[in-house]
Amino acid sequence: MIKRRAYGLALSGAGFYIPMQIGAVCALMDGGVTFTQVAGTSAGSAVAAAIAIGMTRQQLEKVAVDTDFRPLFGPSAKAIISRRGYCNGDRLHDFLYEVLGDGAMDETIIPLTIMASDLRRSRGFEFSAKAHPSAKVADACRASMSVPIAFVPYDYLGNTLADGGMRCNMPLNKLDPVGPLLGIEMNIAGENQLDGPIDLAFACISMMLAANELDSLIWGKAHGAKIVTLDPIAGINFMDNDLAQAERQAMFNKGYTTMRIAMHG
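Residues numbered from 1 in each chain as written. Predicted model: local features only at pLDDT ≥ 70, side-chain atom pairs only at ≥ 80, totals over all residues. Heavy atoms only, no water.

**Side note on the environment of asparagine 159**
Looking at where asparagine 159 falls in the secondary structure, it is placed in strand 6 (residues 159-163). With a relative accessible area of 10%, asparagine 159 lands in the buried category. When the C-alpha positions of asparagine 159 and aspartate 118 are compared, they lie 6.5 Å apart, and in sequence the two are 41 residues distant. If we ignore the near neighbours within four places in the chain, the residues touching asparagine 159 are Asp118, Arg121, Phe125 and Tyr154. Within polar-contact distance, the side chain of asparagine 159 engages the backbone oxygen of leucine 157 at 3.3 Å. (Helix = DSSP H or I, 4+ residues; strand = E, 2+ residues; numbered from the N terminus. Buried < 20%, exposed > 50% of the residue type's maximum accessible area, 1.4 Å probe, protein only. Contact = heavy atoms within 4.5 Å. Polar contact = N/O pair within 3.5 Å; in protein donor to acceptor, adjacent residues only side chain to side chain.)

**Side note on unusual backbone geometry**
Not every positive phi belongs to a glycine, and serine 42 is a case in point at roughly 55°. In this fold, serine 42 is placed in the loop between strand 2 (34-41) and helix 2 (43-52). Positive phi values are uncommon outside glycine, yet serine 122 reaches one of about 55°. Its place among the elements puts serine 122 in the loop between strand 3 (112-118) and strand 4 (123-128).

**Some thoughts on the side chain of threonine 67**
Along the chain, threonine 67 turns up in the loop between helix 3 (57-66) and helix 4 (77-82). What threonine 67 contacts, discounting residues up to four positions off in sequence, is Lys62, Leu72, Phe95 and Arg248.

**Brief notes about the packing of aromatic side chains**
Throughout the structure, instances matching the rule amount to five aromatic pairs. When the centroid spacing of 6.3 Å and the interplanar angle of 25° are considered together, the rings of phenylalanine 252 and tyrosine 256 count as stacked. Note that phenylalanine 252 and tyrosine 256 are positioned in helix 10 (residues 245-264) at a spacing of four residues, about one turn of the helix. An aromatic cluster is built from Phe125, Phe127 and Tyr156, whose rings are joined through pairwise contacts. (Phe/Tyr/Trp six-rings, centres within 6.5 Å; stacked < 30°, edge-to-face > 60°.)

**With respect to the packing of helix 1 (residues 18-30) against helix 10**
Contact pair helix 1 / helix 10: the axes reach a minimum separation of 6 Å and the direction vectors enclose 45°. One element, helix 1, and the other, helix 10, form an angle in the oblique class. Viewed along their axes, helix 1 and helix 10 form a crossing whose handedness is right-handed. Counted together, Pro19, Met20, Ile22, Gly23, Ala24, Cys26, Ala27, Leu28 and Asp30 of helix 1 and Arg248, Met251, Phe252, Lys254, Gly255, Tyr256, Met259, Arg260 and Met263 of helix 10 form the full contact between these two elements. (Axes fitted to C-alpha atoms, helices over the stretch in contact; angles between N-to-C directions. Parallel < 35°, antiparallel > 145°, perpendicular 65-115°, else oblique. Left-handed = near helix turned anticlockwise from the far one by under 90°.)

**What to know about the environment of valine 63**
The residue valine 63 is located in helix 3 in this model. For valine 63, a relative accessible area of 23% translates into the label partly exposed. Excluding its chain neighbours within four sequence positions, the residues that come into contact with valine 63 are Met55, Phe95 and Val99.

**Considerations on helix 3**
Every buried residue of helix 3 is listed here: Arg57, Leu60, Ala64 and Val65. One side of helix 3 holds all its buried residues, which, seen down the axis, span an arc of 115°. Seen from the buried face of helix 3, the exposed residues on the opposite side, beyond 90 degrees, are Gln58 and Lys62. Here the buried face of helix 3 lies against helix 1, helix 2 and helix 10. (Arc of directions from axis to C-beta.)

**So, the pairing of strand 2**
Burial of strand 2 is extensive: six of the eight residues sit out of reach of the surface. The β-α-β motif built from strand 1 (residues 6-11), the intervening helix 1 and the parallel element strand 2 has right-handed crossover chirality. (Right-handed = clockwise from strand over helix to strand, strands pointing away.)

**What to know about the pattern of salt bridges**
Following the criterion strictly, the structure yields seven salt bridges and no others. Where arginine 57 meets glutamate 61, a salt bridge forms, and the shortest distance between an N and an O atom there is 2.5 Å. Highlighted residues: arginine 57 and glutamate 61, both in helix 3, separated by four residues, approximately one helical turn. With a relative accessible area of 17%, arginine 57 lands in the buried category. With a closest N to O distance of 3.5 Å, aspartate 242 and arginine 70 form a salt bridge. Taken together, the positions of aspartate 242 in the loop between strand 8 (226-230) and helix 10 and arginine 70 in the loop between helix 3 and helix 4 put the pair 172 residues apart, joining distant regions of the chain. Classification of aspartate 242 by relative accessible area gives partly exposed; the value is 47%. Residue arginine 70 is classed as partly exposed on the basis of its relative accessible area, which comes to 43%. (Salt bridge = Lys/Arg side-chain N within 4 Å of Asp/Glu carboxyl O.)

The following block contains the structure:
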């Protein structure tokens, strides 16, 4: 049971399942839960950032249900010619600034940690008020959400950064283990379609994300963290951006219901 109290919250990568993750967060807010610190990876970084800057429950639901993901993930000739990705990420980057503003990591209301992956050094890259205080929150999210092949990596201070899920898909172990901790894990396991090179690449990414969560989950359990797993809706892939509003609403509702059950179970 998740009690009405303040938690340190970690949000895993979620891809386009992000409305489900937001639904779970809204259920916590409706249940009187507050947050002392937040950490997120990939899509979870955007949700964590929204919480950290003080977005309301109503604002979160509106973003989850009303955002059409299709314009955020379209092909870019320049990106493809450069052989760095399918999409240059500019529209996603603009959207993140529109939603999150231009505040820096040391200006958030709630302490925030966002994880990306340093491709040149094969290690995790942490954005936080301590590690990179002047980094823009929206830039950190853009870096963390740079799914390999799908998005061109994000260049920051000479570092070539990509999706944080490659090194730390569930950033529970990036939270300060003081006070109760809660992790929202998106279950992206399941049967993948393998109808072409893009499907194959996403299947590999899905496998990689699931594999690298184990150490963090073990750390979280050792520190008494509560972990709630969100199961996807059948027929919707985690990289499926072509979702109707009704499908986004259904995902939000499922995330909300799953968390309400966890709170009262």
